[in-house]
Amino acid sequence: MVKKIEEGSHAVADVVRLLNPGVLAMYPITPSTHIPERLSEFEANGELGGKIIRVESEFSAISAVVGASARGIRAYTATSSQGLALMHEVLFAASGMRLPIVITVANRALSAPLNIFNDWQDSISERDSGWLQFYGEDSQEVVDLMIQAYKIAEDKRVLLPTMVCMDGFFLTHTYDVIDVPEDLKGFVPDYKPEHAFLDPKKPMTQGAWAMQEPYFKLRKELEEAQRSIFPVIKEVHDDFAKVFGRSYGDGLIEVYGEGDNAVVTMGSFSTNLKVLADKLGFQVIRIRCYRPFPDKELAAALKGKESVAVFEKDVSYGTGHGAVYNDVRTVYNGKMVNFIVGLGGLDVPVSALEKMYKQVPEMKDAETRWQI
Amino acid sequence: MLEVRFHGRGGQGAVTAAEVLAVAAFGDGKYSQAFGKFGPERRGAPVQSFTRVDESPIRIRQEVYEPDIVVVLDPGLMKVVNVRQGIKEGGILIINTKDKVPGAWCVDATRIALDTIGKPIVNTAMLGAFSKASGGAVSLESIIKAIKERFPGELGEKNAEAIRKASESCSLIGV
């Protein structure tokens with residue numbers, strides 16, 4: 001492996017090329033655009049194994065990817081914001097059909113008002129779609145997550161579509177020193193599905209029509225599948241660490257530092273919270289795998305804490321909190337407060353985090369405060 | 001850690017300058033990070049970009065608020081933007097200007113770019129001035145290598161010439 005400096009988007013494109021999806025159907029949207037742009041350059045230079053389908057919308061992109069995956073082909077797309085929202089309907093088809101698609105979501109705010117900058121409202125709004133969701137702290141982790149995501153998604157014990165989420169601009173458009181593997185050392189074997197639905201030799205109906213009882217049963221199975229795969233995620237994370245020499249907590253959450261008080265968060269500004277934690281002496285618990293929700297691991301990590309503050313870049317409108325807070329509340333009964341930060345790309349510097357964190361002692365349980 | 005802020009106008013290549021500087025610093029064996037402050041991409045509007053350089057991996061994900069070095073690509077910005085905002089005590093200000101601004105490193109990068117590249121695109125020349133004014137915080141050799149990688153062929157050669165000339169001709173104006 002060779003460290004090099006490049007834009008986060010380009011590092012993702014590099015690793016997607018290595019993962020060699022057979023079909024890539026992408027419709028460019030800021031800030032994910034540089035991923036399909038670079039993959040198209042690879043194709044033009046004859047360096048891409050798969051075929052790119054030039055589609056006319058994100059709805060078509062995800063539909064083409066569902067079709068390819070149902071045929072038993074590894075498939076890929078990347079999108080952001082309104083693009084992911086336009087995919088919404090088909091996301092449920094992909095999870096219901098148990099298709100191991102992997103997509104990169106370059107996180108961006110949703111309209112209105114129109115805003116192209118980073119927050120998590122796009123992927124957070126798809127948290128109940130049946131997809132796995134991982135959030136990377138930096139482009140290095142996003143690259144590593146892409147590799148792990150295909151291995152997890154395609155595992156027979158899983159067979160679930162997966163979103164790898166990276167903060168738009170903060171990661172996609174930032175040049176960082178990144179270690180992109182030159183080859184995957186056989187870590188992600190070729191995808192050989194046992195059930196390729198669209199096989200003319202073995203015709204099979206999938207995702208078509210189900211009456212009440214079979215529908216109910218299949219949807220229950222989808223949730224059972226989500227809840228059963230924690231060991232697979234950990235196993236793939238641990239195996240990756242052995243082969244590539246990088247690890248991220250237990251693969252589900254990462255616990256940084258020590259302290260009687262904890263901060264829970266996700267994504268790229270976790271780095272700033274860690275810098276602040278070094279100064280103020282609290283513990284940072286970063287959720288890496290958001291779906292399935294690692295409730296047992298979080299409960300254990302938060303047990304006995306004097307206070308927990310959840311920092312997040314999304315809102316679960318009408319609940320008074322962000323979605324991550326609401327999820328963490330299910331595993332922690334002590335004093336817990338919520339900070340909504342960074343919506344629409346608002347910078348979240350260490351100085352602002354310090355001002356907010358110092359308000360925790362005066363805040364009431366369940367109180368939410370906003371960055372500005 | 002060295003923190004740099006570029007001020008330019010949309011289309012002048014301030015983001016490219018920040019990125020090339022980061023690539024060059026990496027070429028010097030350091031860790032670096034570069035990004036733009038993106039907005040509605042209006043040609044001519046004031047824009048900013050940032051580069052960080054350090055001996056160890058960079059653990060910060062925010063804009064540069066207290067730069068060690070500020071690079072101004074367009075002298076007209078001095079009237080509309082406070083380019084000195086947050087600059088550290090003893091910090092370095094580098095300006096593309098025909099004038100002599102007291103306390104700043106000045107270079108007529110527009111003239112140099114017209115003479116070498118044939119266009120008033122000054123982002124690369126200003127990196128030459130950066131190397132000189134910063135006392136080689138990022139080496140001229142690595143900047144030239146990075147620019148040739150980014151712009152292969154004749155364009156890279158012309159930009160390299162602009163970088164060398166700007167490095168030679170920029171000077172600190174006394175207060």
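Chemist: Looking at this structure, how should I read the interface of chain B and chain A?
Modeler: Where interface size is given, it is often the accessible area lost as the parts come together that is meant. Each side of the interface is counted separately: chain B has 18 residues, and chain A has 25 residues. For the pairing of chain B and chain A, the buried interface totals around 1,900 Å² over both sides, and the portion due to carbon and sulfur atoms is 58%. Interface area lost by chain B to chain A is led by B:Phe38, B:Arg59 and B:Arg61, which between them contribute 40%. Seen at the junction of chain B and chain A, the total is two salt bridges. Across the pair A:Asp176 and B:Arg61 runs a salt bridge, and its minimum N-O distance is 2.9 Å. For the pair chain B and chain A, the interface holds 11 residue pairs in polar contact (both at pLDDT 80 or more). Where the side of chain B that touches chain A is concerned, the elements lending two or more residues are helix 1 (14–27) and strand 2 (31–37) of chain B. Take the side of chain B that touches chain A: its biggest share by element is five residues, from strand 2 of chain B. Its residues assigned to classes, the side of chain B that touches chain A shows nine nonpolar, four polar and five charged.

Chemist: What's the story with the pattern of salt bridges in this structure? I'm lost.
Modeler: Oppositely charged side chains are able to pair whenever their charged atoms sit close together. All names here are of chain A. Under the criterion given, the structure shown has 41 salt bridges over all chains. A salt bridge links Arg288 to Glu141; its shortest N-O distance comes to 2.5 Å. Taken together, the positions of Arg288 in the loop between strand 11 (283–287) and strand 12 (289–291) and Glu141 in helix 6 (residues 139–154) put the pair 147 residues apart, joining distant regions of the chain. Within this structure, Glu137, Glu141, Glu254, Lys274, Arg286 and Arg288 form a network of salt bridges that share partners.

Chemist: In this structure, what is going on with the pairing of strand 5 (residues 102–107) of chain A? I would like to understand it.
Modeler: Side chains on a regular strand alternate between the two faces of the sheet. Residue and element names in this part refer to chain A. Of all six residues making up strand 5, six are buried, and the element is well covered by its neighbours. Burial of the side chains of strand 5 extends over both faces: Val102, Thr104 and Ala106 are buried on one face and Ile103, Val105 and Asn107 on the other. You can see the chain leave strand 4 (residues 75–79), run along helix 4 (residues 81–96) and come back into strand 5, and the turn it takes is right-handed. Strand direction decides the pairing type here: strand 5 and strand 7 (residues 162–167), joined by six bridges, are parallel. In the sheet register, Val105 faces strand 7, and the bridge partner there is Cys165.

Chemist: Is there a simple way to think about the sheet that holds strand 10 (residues 261–265) of chain A in this case?
Modeler: The strands making up a sheet are joined through hydrogen bonds of the backbone, oriented either antiparallel or parallel. Residues and elements named next belong to chain A. Pairing is mixed in the open sheet, where six strands are placed in the order 9-11-10-13-14-15. The outermost strands of the open sheet, each flanked by one partner alone, are strand 9 (253–256) and strand 15 (368–370). On average, each strand axis in the sheet is inclined to that of its neighbour by 20°, with strand direction left out of account. Across four bridges, strand 10 lies against strand 11 in parallel orientation. Looking at the pairing, Val263 lines up with Val284 of strand 11. The sheet contacts of helix 10 (residues 295–302) involve strand 9, strand 10, strand 11 and strand 13 (307–312), and relative to strand 11 the element is tilted by about 175°.

Chemist: Can you walk me through the domain arrangement of chain A in this structure?
Modeler: Residue and element names in this part refer to chain A. Looking at the assigned domains, one finds that chain A contains domain 1 (2–239) and domain 2 (253–370). Relative placement of domain 1 and domain 2: their C-alpha centres are 27 Å apart. It is Trp120, Arg127 and Glu137 that lose the most area in domain 1 upon contact with domain 2, and together they represent 29% of the buried surface on that side. Where domain 1 touches domain 2, the interface holds six salt bridges. At the boundary of domain 1 and domain 2, one finds 20 residue pairs in polar contact (both at pLDDT 80 or more).

Chemist: What is the right way to look at helix 2 (residues 109–116) of chain B in this model?
Modeler: An α-helical segment advances 3.6 residues per turn. Residues three or four places apart therefore align on the same side. All names here are of chain B. Among all positions in helix 2, only Ala109, Ile112, Ala113 and Thr116 are buried. Take helix 2 and look down its axis: the buried residues cluster within an arc of 95°, on one side only. Residues of helix 2 that are buried sit in contact with strand 5 (92–96), strand 6 (105–107), helix 3 (123–133) and helix 5 (154–169). Positive phi shows up at Gly118, right after helix 2, with a value of about 90°.

Chemist: Can you walk me through the environment of A:Val65 in this structure?
Modeler: Residues and elements named next belong to chain A. Structurally, the position occupied by Val65 is in helix 3 (residues 58–70). The exposure class assigned to Val65 is buried, which follows from its relative accessible area of 0%. Note: C-alpha distance between Val65 and Phe197 (132 residues apart in sequence) is 14 Å. Beyond its immediate sequence surroundings of up to four residues, Val65 is in contact with Ala25, Ala75, Tyr76, Thr77 and Ile101.

Chemist: Hey, could you run me through the packing of aromatic side chains in this one?
Modeler: Where two aromatic rings form a pair, the distance of their centres and the angle of their planes describe that pair. Residues and elements named next belong to chain A. Applying the stated criterion across every chain yields a total of 11 aromatic pairs over all chains. With a centroid separation of 5.7 Å and an interplanar angle of 50°, the aromatic rings of Phe117 and Phe169 are classed as tilted. Of this pair, Phe117 sits in the loop between strand 5 and helix 5 (121–124) while Phe169 sits in the loop between strand 7 and strand 8 (175–180), and the two are 52 residues apart along the sequence. Across from the ring centre of Tyr150, 5.2 Å away, lies the NZ or CZ of Arg74, which sits over that ring.

Chemist: Can you help me understand unusual backbone geometry in this one?
Modeler: The phi angle of most residues is negative, glycine excepted, and most peptide bonds adopt the trans form. Residues and elements named next belong to chain A. Of the consecutive residues Thr30 and Pro31, the connecting peptide bond is found in the cis state with omega at 0°. If you trace the backbone, Pro31 turns up in the loop between strand 2 (23–26) and helix 2 (34–44). Of note, the bond from Arg291 into Pro292 is cis; its omega dihedral lies within 30 degrees of zero at 0°. Topologically, Pro292 is positioned in the loop between strand 12 and helix 10. Non-glycine residue Asn20 carries a positive phi angle of around 55°. As for its position among the elements, Asn20 is in the loop between helix 1 (8–19) and strand 2. Even without glycine at this site, Ala366 takes up a positive phi of about 75°. Under the relative-accessibility criterion, Ala366 is labelled partly exposed at 31%.

Definitions and cut-offs
- Residues numbered from 1 in each chain as written.
- Chains lettered and ligands numbered in written order.
- Predicted model: local features only at pLDDT ≥ 70, side-chain atom pairs only at ≥ 80, totals over all residues.
- Heavy atoms only, no water.
- Contact = heavy atoms within 4.5 Å.
- Buried area = accessible area lost by both parts, 1.4 Å probe.
- Salt bridge = Lys/Arg side-chain N within 4 Å of Asp/Glu carboxyl O.
- Polar contact = N/O pair within 3.5 Å; in protein donor to acceptor, adjacent residues only side chain to side chain.
- Helix = DSSP H or I, 4+ residues; strand = E, 2+ residues; numbered from the N terminus.
- Nonpolar A, V, L, I, M, F, W, Y, C, P; charged D, E, K, R; others polar.
- Buried < 20%, exposed > 50% of the residue type's maximum accessible area, 1.4 Å probe, protein only.
- Right-handed = clockwise from strand over helix to strand, strands pointing away.
- Pairing = 2+ DSSP bridges.
- Axes fitted to C-alpha atoms, helices over the stretch in contact; angles between N-to-C directions.
- Domains from an automatic or database assignment.
- Arc of directions from axis to C-beta.
- Phe/Tyr/Trp six-rings, centres within 6.5 Å; stacked < 30°, edge-to-face > 60°.
- Lys NZ or Arg CZ within 6 Å of the ring centre and 35° of its normal.

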